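Close look at the chain arrangement
This is what each chain is made of:
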Amino acid sequence: MSFFDQTELFSIVIAAGVMALIQVIIFYLYKQDKDRKYNEQLRRVEMEKLRESFEKRIYTLTERLVSQGDRWSDVNHLLLESKANNRGLLNMTSKVGLSSFLEASGIKRSDLEINDDLVFVITPFNNKYLSDYEEIYKTCNEVGLRCIRGDEEFIKGDILAHILKHIVKARIVIANINGRNPNVFYELGIAHALDKPTLIVSKSDQDIPFDLRTQQLVIYNEPTQLQEQLRKALLKITLRS
């Protein structure tokens, strides 16, 4: 074998070795990336389970906190004090002006048109309170209103903008404050700031004195009470507005 043949063979061996090394490196990097993605997915699942566990504990403790009438009154005193406000539901307006806050949230002037049959429900996105929403949904349908909540469709991007759009377009807003979810109270505050006709529903294990109830407040012990009181409140709004 000549010197040139040996040199060519040596070059081929080197090239093959380099190719094999590159393949090994690529395989190693691929495996590392795959393991990293798997570990990230596993951590997300574990974090979600942990979040659900903490959320469940918080809701359980909250329900114990407001399980008695006097405790409920202490926790919700700001809502009860609203009865001193001379503005009633019938004096509120569904129409909303386009503010800088709404514009910054992606709301357009075309989004300000009110849907006369639309009721938007602010509620915790937790299965624990799904039955509350189902009762509200059923009652709205019985009086000829269309009821929706913020998580019934897949949303890309900012869910707050999606919720704001529904609050703006809704004729009536219903807020379920069971569980005292901070997102619910934030969105409820926005509905009040926009001067939307808003009904607040809350469950209590003891009767709340009638004089503490306002047009804005629906307190119930059983689903049938929720349906009955909510139906009356909705009819008052729809028949007189």
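Everything in this summary refers to the structure shown in the same document. Nothing here was measured: the structure is a model prediction, and the numbers come from that model.

All right, on to the overall build of the protein then. Of the regular secondary structure elements, the protein holds 8 helices and 5 strands. Along the protein, from the amino end to the carboxyl end, the secondary structure elements read α-α-α-α-β-α-β-α-β-α-β-β-α. For the protein, with 241 residues in total, the buried portion stands at 38%. Sequence separation of at least 24 residues holds for 73% of the intrachain contacts in the protein that already meet a minimum separation of 6.

Another point: helix H6 (residues 159–169). Among the 11 residues in H6, 8 count as buried, and that is most of the element. When H6 is considered as a whole, its buried residues turn out to be Ala161, His162, Ile163, Leu164, His166, Ile167, Val168 and Lys169. In this fold, the buried residues of H6 make contact with helix H4 (100–104), strand E1 (115–122), strand E2 (146–149), strand E3 (170–176) and helix H7 (182–193).

Taken in spatial order, the 5 strands line up as E2-E1-E3-E4-E5 in an open sheet, and their pairing is parallel. At either margin of the open sheet sits one strand with a lone partner, and together these are E2 and strand E5 (217–220). Adjacent strand axes in the sheet meet at a mean angle of 25°, parallel and antiparallel pairs treated alike. For E3 and strand E4 (residues 198–203), the ladder comprises 4 bridges, and the chain directions are parallel. In the sheet register, Asn176 faces E4, and the bridge partner there is Val201. Strand contacts of H6: E1, E2 and E3, with the helix running at about 135° to E1, the strand carrying the most contacts.

The buried count for E4 comes to 5 of 6 residues, which makes it a mostly enclosed element. Following the chain from E3 across H7 to the adjacent parallel E4, one finds a crossover that is right-handed.

A word on the packing of aromatic side chains. For the structure on display, the rule yields 1 aromatic pair. Residue placement shows Arg149 over the ring face of Tyr133; its charged tip is 5.0 Å from the ring centre.

With that settled, consider the state of the cysteines. According to the stated counting rule, one finds 0 disulfides in the structure shown. Residue Cys140 stays outside any disulfide, its sulfur separated by 4.2 Å from that of Cys147, the closest cysteine. Taking the relative accessible area as the measure of exposure, Cys140 reaches 0% and is therefore buried. Overall, the relative accessible area of 3% leaves Cys147 in the buried class.

With that settled, consider the environment of Ile122. For Ile122, the position within the fold is in strand E1. For Ile122 and Ala175, which are 53 residues apart along the polypeptide, the C-alpha to C-alpha distance reads 4.6 Å. Other than its neighbours up to four places away in sequence, Ile122 contacts Ile167, Val173, Ile174, Ala175, Asn176, Val184, Glu187 and Leu188.

Right, let's talk about the nonpolar core for a bit. Within soluble globular proteins, side chains that are nonpolar generally end up buried alongside one another. Counting 24 residues, the largest nonpolar core has Leu102, Phe120, Ile122, Ile167, Val168, Val173 and Leu194 as the members making the most contacts within it. Mapped by element, the contributors of at least two residues to this core are E1, H6, E3, H7 and E5. Beyond its immediate stretch of four places on either side in the chain, Leu102 contacts Val96, Gly97, Ile107, Leu164, Val168 and Leu194.

Quick look at unusual backbone geometry now. Its identity is not glycine, yet Arg180 carries a phi of approximately 50°, on the positive side. Looking at the element boundaries, Arg180 is found in the loop between E3 and H7. Looking at Arg180, the relative accessible area reads 29%, which means it is partly exposed. Residue Asp195 is not a glycine yet carries a positive backbone phi of 65°.

Parameters and conventions
- Residues numbered from 1 in each chain as written.
- Predicted model: local features only at pLDDT ≥ 70, side-chain atom pairs only at ≥ 80, totals over all residues.
- Heavy atoms only, no water.
- Helix = DSSP H or I, 4+ residues; strand = E, 2+ residues; numbered from the N terminus.
- Buried < 20%, exposed > 50% of the residue type's maximum accessible area, 1.4 Å probe, protein only.
- Contact = heavy atoms within 4.5 Å.
- Pairing = 2+ DSSP bridges.
- Axes fitted to C-alpha atoms, helices over the stretch in contact; angles between N-to-C directions.
- Right-handed = clockwise from strand over helix to strand, strands pointing away.
- Phe/Tyr/Trp six-rings, centres within 6.5 Å; stacked < 30°, edge-to-face > 60°.
- Lys NZ or Arg CZ within 6 Å of the ring centre and 35° of its normal.
- Disulfide = S-S within 2.5 Å.
- Core = buried A, V, L, I, M, F, W, Y, C linked by side-chain atoms within 4.5 Å.

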